[in-house]
Amino acid sequence: MQLVIGNPAPIERIKDPRDGRVKVVAMSGVRETTFRFPEGLPLDEAFKNVLDAIPYHFRSGSKPAWIEGDDATLVKMLCQHYSILLKDNKRPRDWGHLAPLTPEDQQ
Amino acid sequence: VIRTMIRLHAVALLFAATRLQLRTLAGRDWQALVMADTAGNGSGAYHAANFLGVTENDDDPDEDNTSLAGEISSGTLTRAQATFAHTTGAASYTLTRTLTSDDNVTLRKIGVFTAVSGGTLVFETRMNEIAVMAPGDQIQITHTVFL
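Keep in mind that what you see is a predicted model, and the values were worked out from it rather than measured.

Colleague: For the packing of aromatic side chains, give the residues involved together with the corresponding values.
Modeller: For the coordinates displayed, the defined rule picks out three aromatic pairs over all chains. Taking the centre distance of 5.6 Å and the plane angle of 85° together, the rings of Trp66(A) and Trp95(A) count as edge-to-face. Here Trp66(A), found in the loop between α1 (43-53) and β5 (67-69), pairs with Trp95(A), found in the loop between α2 (72-81) and α3 (103-106); they are 29 residues apart in sequence, far enough to count as distant. Of the two residues, Trp66(A) and Trp95(A), neither departs from the other in class, the shared state being buried. Above the ring of Phe113(B), the side-chain terminus of Arg79(B) is found at 3.4 Å from the ring centroid.

Colleague: Just give me the short version of the interface of chain B and chain A, but keep the residues and values in it.
Modeller: The partner chain A presents 25 residues to the 28 residues of chain B that form the contact. Regarding the contact of chain B and chain A, the summed buried area is about 2100 Å², with carbon and sulfur atoms giving 49% of it. Together, Thr83(B), Thr87(B) and Phe146(B) form the three largest contributors to the area buried by chain B at its contact with chain A, with a combined 26%. The salt bridge involving Arg28(B) is made with Glu12(A); its shortest N-O contact spans 3.0 Å. Inspection of the chain B/chain A interface yields 16 residue pairs in polar contact (both at pLDDT 80 or more). Within the residue set of the side of chain B that touches chain A, elements represented by two or more residues are α2 (25-36), β3 (83-87), β4 (92-100) and β7 (138-146) of chain B. It is β7(B) that provides the largest number of residues to the side of chain B that touches chain A, a total of six residues. Of the residues contributing to the side of chain B that touches chain A, the split by class is 10 nonpolar, 15 polar and three charged. Pairing of strand β4 (residues 31-36) of chain A with β3(B), which is carried by four bridges, proceeds in the antiparallel orientation. Residue pairing across strands places Arg36(A) opposite Phe84(B), the latter belonging to β3(B).

Colleague: Lay out the sheet that holds strand β1 (residues 2-7) of chain A with the relevant residues and their values.
Modeller: The sheet built from six strands is open, its strands ordered β5(A)-β1(A)-β4(A)-β3(B)-β4(B)-β7(B) with antiparallel pairing. Looking at which strands have only one partner, the edges of the open sheet turn out to be β5 of chain A together with β7 of chain B. Here the strands of the sheet are splayed against their neighbours by 20° on average, with no regard to which way each runs. Contacting β1 and β4 of chain A together with β3, β4 and β7 of chain B, α1(A) runs over the sheet at an angle of about 135° to β4(B). On top of the sheet, α2(A) reaches β1 and β5 of chain A; it is set at about 165° to β5(A), its chief contact.

Cut-offs and rules
- Residues numbered from 1 in each chain as written.
- Chains lettered and ligands numbered in written order.
- Predicted model: local features only at pLDDT ≥ 70, side-chain atom pairs only at ≥ 80, totals over all residues.
- Heavy atoms only, no water.
- Phe/Tyr/Trp six-rings, centres within 6.5 Å; stacked < 30°, edge-to-face > 60°.
- Helix = DSSP H or I, 4+ residues; strand = E, 2+ residues; numbered from the N terminus.
- Buried < 20%, exposed > 50% of the residue type's maximum accessible area, 1.4 Å probe, protein only.
- Lys NZ or Arg CZ within 6 Å of the ring centre and 35° of its normal.
- Contact = heavy atoms within 4.5 Å.
- Buried area = accessible area lost by both parts, 1.4 Å probe.
- Salt bridge = Lys/Arg side-chain N within 4 Å of Asp/Glu carboxyl O.
- Polar contact = N/O pair within 3.5 Å; in protein donor to acceptor, adjacent residues only side chain to side chain.
- Nonpolar A, V, L, I, M, F, W, Y, C, P; charged D, E, K, R; others polar.
- Pairing = 2+ DSSP bridges.
- Axes fitted to C-alpha atoms, helices over the stretch in contact; angles between N-to-C directions.

Right, dumping it as structure tokens:
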């Protein structure tokens, strides 16, 4: 089971090798955060694991822009939690792409 | 003078070699996937390190350790595979596990292993907060690995 989540405000954690301090650094652009779960993990645990891990990948106050996954129930649970309307839950074609859109994309 | 010149030359070469080793963003992604992806293809000694065990032991983590002292090895808190998460290009990834206690325990440290039993202890870390648990209590542990 896996999820790919549109991350509009990505962060990373960097440990300074000199003093061991952890810095939270904002990353440029929009990115994808991928979750991969152990086989057979109950849905409620997968849901809780995502909620607990999101603050380590998303800037405080931000939320997923879209959610894709191979388990429709988990995707639905997370969309409800993050107030994403299922009809709007789509990855934009240019998400994370640095190259300009093709004419077909722009139509 | 010649000795000093040789020294300076050696320092310059070392500096150049260090500067040449740039890790790319794609390289970070590769590292994260190889090290911890639950969908990884590695097996045996090359299995990804994504099994998380816990202990009440309070000894300082030690780089010589090959096992997690006092690791809980029975009941609901035994070692199990965690959920892997990584953001493209990030210099870190996370392993998350939900634990429901079946005993009165005080969790202090975690270990990240390459197998559900035995395997290699790859990371040993004190928890940010000690978790005092009674039967039925549930916690989530998210461990960040720095690349």
